[in-house]
Amino acid sequence: MRIPPIQAVFNVLAAFLFAVFAWFQRNDIDPAVYYKPSSLDALIWFLFYLLIAGLFLVTLFRGLPNWLLILSALACLAEMIATGPGLIENFFGDAEFNMTQVSMSASDPRVELSREFFGALIALVGVGYLMLQQRRLKNATDAG
């Protein structure tokens, strides 16, 4: 199952983007920047983004099993559920909505949780794209 060249380019770019997201997780253990930093949390997010990057790379060479895509989508949803309360507090809480603060630091947990929520949402969109890509390629293979 070969993907069209334009999709291959997109998949490489998406893999690179998620690898960069994973690389940025190394900052999440800096106590001068983050609220209650956790090495385990940073590792989980690193592996999460690395998984999504890996999915995009694997599709360049072969199809992905549906169970892996579903499991990846569930991981995205789990991260969104875990960080959703911070996003809700950011939108509807007493303090003013904020995503950047002055220096992009995340000393306010609402900011970090909101960013993580949107990171998981971006990953979910990526997994959804891969599911759609897999379905289209399978249908094209079956028809041809």
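For the structure, see preceding data.
The following paragraphs examine the structure supplied in this document.

### A closer look at the environment of Leu51
Here is step 1 of the chain: Relative to the helices and strands, Leu51 is located in helix 2 (residues 39-58).
Here is step 2 of the chain: Along the backbone, Leu51 and Ala123 are 72 residues apart, and their C-alpha atoms lie at a distance of 9.8 Å.

### Details of helix 2
Here is step 1 of the chain: With 20 residues, helix 2 should cover 28 Å at 1.5 Å per step; its first-to-last C-alpha distance of 28 Å lies within 8% of that length.
Here is step 2 of the chain: What helix 2 keeps buried is the set Ala42, Trp45, Phe48, Tyr49, Ile52, Ala53, Leu55 and Phe56. Considered in projection along helix 2, the buried side chains sweep an arc of 155° and stay on one side of the axis. Looking at helix 2, the residues exposed on the side facing more than 90 degrees away from the buried face are Ser39 and Leu40.
Here is step 3 of the chain: In this fold, the buried residues of helix 2 make contact with helix 1 (5-24), helix 3 (66-92) and helix 4 (109-143).

### Things to note about the side chain of Gln25
Here is step 1 of the chain: Tracing the backbone through its elements, the reader meets Gln25 in the loop between helix 1 and helix 2.
Here is step 2 of the chain: When residues no more than four places from it in sequence are discounted, the contact partners of Gln25 are Ala42, Trp45, Phe46 and Tyr49.

### Examining the packing of aromatic side chains
Here is step 1 of the chain: For the structure shown, the criterion picks out 12 aromatic pairs.
Here is step 2 of the chain: Where Phe18 meets Phe21, the ring centres are 5.4 Å apart and the plane angle is 85°; that geometry is what we call edge-to-face. Of this pair, Phe18 and Phe21 both sit in helix 1, 3 residues apart, which is roughly one turn of that helix. Across this residue pair, the class does not change: Phe18 and Phe21 are buried.

Conventions used here
Residues numbered from 1 in each chain as written. Predicted model: local features only at pLDDT ≥ 70, side-chain atom pairs only at ≥ 80, totals over all residues. Heavy atoms only, no water. Helix = DSSP H or I, 4+ residues; strand = E, 2+ residues; numbered from the N terminus. Expected span 1.5 Å × (residues − 1). Buried < 20%, exposed > 50% of the residue type's maximum accessible area, 1.4 Å probe, protein only. Arc of directions from axis to C-beta. Contact = heavy atoms within 4.5 Å. Phe/Tyr/Trp six-rings, centres within 6.5 Å; stacked < 30°, edge-to-face > 60°.

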